[in-house]
Amino acid sequence: MFPQHIIARKRDGHALTRDEIQAFVRGATDGSWADYQLSALLMAIFLRGMTPEETAHYTDAMMRSGIVADLSSVPGIKVDKHSTGGVGDKVSILLAPMVVACGVPVPMISGRGLGHSGGTLDKLESIPGFRTDLSLDAYRAQVARIGCALIGQTKDLAPSDKKLYALRDVTATVECIPLICGSILSKKLAEGIDALVLDVKFGRGAFMKTKAEARKLAEALVAVGKAGGKQVRALLTAMDQPLGRTVGNALEVAESIACLRGDGPADLMEVTYALGAHMLILGGVAKTEAEAKTKLHRVVADGSALDKLREIVAAQGGDVRAIDNPSRLPQAKFQTPLPSPRAGFVRDVDAMGVALGALRLGAGRARADDKIDPAVGVSGITKIGERVAAGAPLCVIHASDEKSLAEAKAMLAGAFLVGESPVVAPSLIAETIA
Ligand code: URA
């Protein structure tokens, strides 16, 4: 089966067979296809699309390009959550211990931040000593022992995605639903899970800018996940303003700890409880959303979710004292409020503007090999609809040097809009797709 024949068939608008798709994915994994051939087929798929059946074959071939973790010896229905990425999205850090404390095992393999969106691994690594590079054996053993492991992608899991994602990144073929489905789901299905809850975000700070695009992606992800034999549900959630009140790695860990102490911001808790409720239902420990939410509230109120976070941090080499005393997390040299130019109501907080300000401070990466500064970022972010006094802080900027502080301050000032008339806070959860 020559690559050029497969490329020509897709170029001419035909659906590829399972064998052709497997040859393509094998070619990406073992290097037998040249980068220009892989790129040509990626572009043909981008332009011509894939049928649901092709997308399912593609995802399956990607998943099988490496090891598929076997967690069948771990009792219970294993459920993970995946977010398509947003600004201030630290949900996994509080959600995983909450769900595990309710009795559902959560094996979670997360990514790093790139561009404007943060990554759970970078956030967790701001806890001194916390290791995310566990082997698959250590991952399996930890899930069996304490119900959860929060680790990074290993080289053995869906290796074809690493190659194909790098090519998509430089050939303008990222924004393509079948390719996104294969990329996200191959990694998630290789974790050894039984069920998955997806948080598909839409809006200015998200990958998908409109609800309609997010719905299309969510429907495709749910269908392909089901074709792979998993139970999958997706929530569509708005990502126009940052989630919660912090953006930046250590700051987001501190906010997650506050949430588990019962002191979380309303929007972050709303999304976390909604995703958690679906995880408990799929995990078989609750029948209805109301029952699931009651259980989730209980593990926050009685401290067992926070205890579970301590257990996970200890198991992965992290300094548990930082959980009890978040001032032990990395702290930035400068902490400067951004004053409101007038009294009134916050009309807008542009998630992308805040993310770019945080990126300028060093909280994220413009390129995959950039180093991040765990201490910097933005805290105390006011939310749309809140009343502010003239000169009161719209947020607090955490910076390690005066130059980045001054530049980020100017950028962040442009992200907030304060007006005279009251504004209704926008709703967050738009739809559930099951
Ligand atoms: N995240 C992924 O892992 N892959 C994509 O293709 C897009 C987002």
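Sequence positions are assigned chain by chain, starting from 1 and proceeding in written order. Only residues with pLDDT of at least 70 are given local features in this predicted model, and only at 80 or more are side-chain atom pairs given and counted; all residues enter the totals for whole chains, interfaces and linings. With hydrogens and water set aside, each side-chain value is computed from the structure's full complement of heavy atoms.

### Thoughts on the packing of helix H5 (residues 91–101) against helix H14 (residues 304–315)
Packed helices, taken two at a time, are described by the angle between their axes plus the distance between the axes.
Then step 1. Interaxial distance between H5 and H14 falls to 8 Å at its minimum, and their mutual angle equals 110°. Between H5 and H14, the angle falls in the class roughly perpendicular. In this structure, H5 contributes Ile 93, Pro 97, Met 98, Val 100 and Ala 101 to the contact, and H14 contributes Ser 304, Ala 305, Lys 308, Leu 309 and Ile 312.
Then step 2. Under this grouping Gly is polar, as are all residues other than the nonpolar Ala, Val, Leu, Ile, Met, Phe, Trp, Tyr, Cys and Pro and the charged Asp, Glu, Lys and Arg. Taken together, the residues that form the contact of H5 with H14 break down as eight nonpolar, one polar and one charged. Working convention: axes come from line fits to C-alpha atoms, limited for helices to the stretch in contact. Angles between N-to-C directions cover 0 to 180 degrees. Only DSSP runs of H or I covering at least 4 residues are called helices, and only runs of E covering at least 2 are called strands; the numbering of each starts at the N terminus. If an angle is under 35 degrees, it is roughly parallel; if it is over 145, roughly antiparallel; if it lies from 65 to 115, roughly perpendicular; otherwise it is oblique. Throughout, a contact is declared for two residues whenever any of their heavy atoms are within 4.5 Å.

### Quick look at the nonpolar core
Then step 1. Side-chain atoms within 4.5 Å are what join buried Ala, Val, Leu, Ile, Met, Phe, Trp, Tyr and Cys residues into a set we call a nonpolar core. Accessible area is worked out with a 1.4 Å probe on protein chains only. A residue is then buried under 20% of its type maximum, exposed over 50%, and partly exposed in between. In this structure, Met 98, Ile 127, Tyr 139 and Val 200 are the most contacted members of the largest nonpolar core, which totals 119 residues.
Then step 2. Sorting elements by how many residues they give to this core places helix H12 (residues 266–282) first, with 11 residues.
Then step 3. When residues are assigned to domains, this core turns out to be shared by domain 2 (79–156 + 173–324) and domain 3 (330–419), each giving three or more.
Then step 4. Ignoring sequence-local partners within four residues, the contact set of Met 98 consists of Leu 260, Thr 272, Tyr 273, Leu 296, Val 299, Val 300 and Ala 305.
Then step 5. Ranked by size, the runner-up nonpolar core spans 22 residues in total, among them Leu 16, Ala 44, Cys 176 and Leu 179. What counts as a domain boundary in this text is fixed by an automatic or database domain assignment.

### Remarks on the sheet that holds strand S4 (residues 195–202)
Then step 1. Strand order in the open sheet formed by four strands is S1-S4-S5-S12, with mixed pairing between adjacent strands. Unpaired on one side and paired on the other, strand S1 (79–83) and strand S12 (429–433) mark the two borders of the sheet. Taken pair by pair, the neighbouring strands of this sheet meet at an average axis angle of 15°, ignoring direction.
Then step 2. Against the sheet, H12 engages S1, S4, strand S5 (231–238) and S12, with an angle of about 155° to S4. DSSP bridges decide pairing: two strands pair if at least two such bridges lie between them.

### Re the pairing of S4
Within a regular strand, the side chains alternate between the two sheet faces.
Then step 1. Taking burial as the measure, the eight residues of S4 include eight buried ones, the bulk of the element.
Then step 2. With five bridges joining them, S1 and S4 adopt parallel strand pairing. Among the inter-strand pairings, Val 79 is bridged to a residue of S4, identified as Ala 195.
Then step 3. Bridge analysis of S4 against S5 gives eight bridges, and the strand direction is parallel. In the strand pairing of S5, Leu 196 is matched with Val 232.
Then step 4. You can see the chain leave S4, run along helix H10 (residues 211–227) and come back into S5, and the turn it takes is right-handed. Crossovers are marked right-handed if the path from the first strand over the helix to the second runs clockwise, as seen with the strands pointing away from the viewer.

### Focus on the pattern of salt bridges
Opposite charge on two side chains permits pairing when their charged atoms draw close.
Then step 1. Salt bridges, as used here, are contacts in which a Lys or Arg side-chain nitrogen is within 4 Å of a carboxyl oxygen on Asp or Glu. One pass over the full model with this rule turns up 32 salt bridges.
Then step 2. With a shortest N-O distance of 3.0 Å, Arg 112 and Glu 125 are connected by a salt bridge. Note that Arg 112 is positioned in the loop between strand S2 (106–110) and helix H6 (120–124) and Glu 125 in the loop between H6 and helix H7 (136–146), a separation of 13 residues in sequence.
Then step 3. Classification of Arg 112 by relative accessible area gives partly exposed; the value is 42%.
Then step 4. In this structure Glu 125 comes out as partly exposed when scored by relative accessible area, which is 33%.
Then step 5. With its nearest N and O atoms 2.7 Å apart, the salt bridge here joins Asp 324 to Arg 310. Residue Asp 324 is found in helix H15 (residues 321–324), and its partner Arg 310 is found in helix H14; the two are separated by 14 residues along the sequence.
Then step 6. What makes Asp 324 partly exposed here is its relative accessible area of 42%.

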